[in-house]
Amino acid sequence: MPRKADPALFKAVARARRWFEEIASCRVCSSAEIARREALQKAYVARLTRLAFLSPSIVETVVEGRTPVELNLQMLMTTRPALPLAWRDQEELRNLGSGATC
């Protein structure tokens, strides 16, 4: 039976990518402007926007519903230290839990 994408994680990744594109294209000046517009805390917008930098393979697993249970929105939002920027380092997140790959 095919799995379904985690709706919260899917929405968060889509928002993050949209918000980053707005900033990169200068349609908005900052994440603070997005926070005001969306009536959200600046810190939340900043944390969520980090998801725009997920590796393509992790985004693919999110879209296809193949993320391990341990790889969820809460984990990605509270990862300390912050989510690694290097995609190679992010791949370790795909292999959480029993050691099985996605």
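Here's what I pulled together on the structure shown here.

Each value, and the rule that gives it
Residues numbered from 1 in each chain as written. Predicted model: local features only at pLDDT ≥ 70, side-chain atom pairs only at ≥ 80, totals over all residues. Heavy atoms only, no water. Core = buried A, V, L, I, M, F, W, Y, C linked by side-chain atoms within 4.5 Å. Buried < 20%, exposed > 50% of the residue type's maximum accessible area, 1.4 Å probe, protein only. Helix = DSSP H or I, 4+ residues; strand = E, 2+ residues; numbered from the N terminus. Phe/Tyr/Trp six-rings, centres within 6.5 Å; stacked < 30°, edge-to-face > 60°. Arc of directions from axis to C-beta.

**Let's talk about the nonpolar core**
And step 1. Formed by 21 residues in total, the largest nonpolar core has its most connected members in Leu48, Leu51, Leu54 and Leu76.
And step 2. Of all elements in the fold, only helix H1 (7–24), helix H2 (31–38), helix H3 (42–49), helix H4 (56–64) and helix H5 (73–78) reach the threshold of two or more residues within this core.
And step 3. If you tally residues by element for this core, the top one is H1, at 5 residues.

**Focus on the packing of aromatic side chains**
Two aromatic rings are characterised by how far apart their centres lie and by the angle between their planes.
And step 1. Going through the model one piece at a time under the given rule, you end up with 1 aromatic pair.
And step 2. Seen in terms of ring centroids, phenylalanine 20 and phenylalanine 53 are 4.9 Å apart; in terms of plane orientation they differ by 70°. Their pairing is edge-to-face. Linking phenylalanine 20 in helix H1 with phenylalanine 53 in the loop between H3 and H4, this pair joins segments that are 33 residues apart in sequence.

**Here's the deal with H4**
And step 1. Every buried residue of H4 is listed here: Ile58, Val59, Thr61 and Val62. With its buried residues spanning 160° around the axis, H4 presents them on a single face.
And step 2. Positive backbone phi, at 75°, marks glycine 65, one or two positions downstream of H4.

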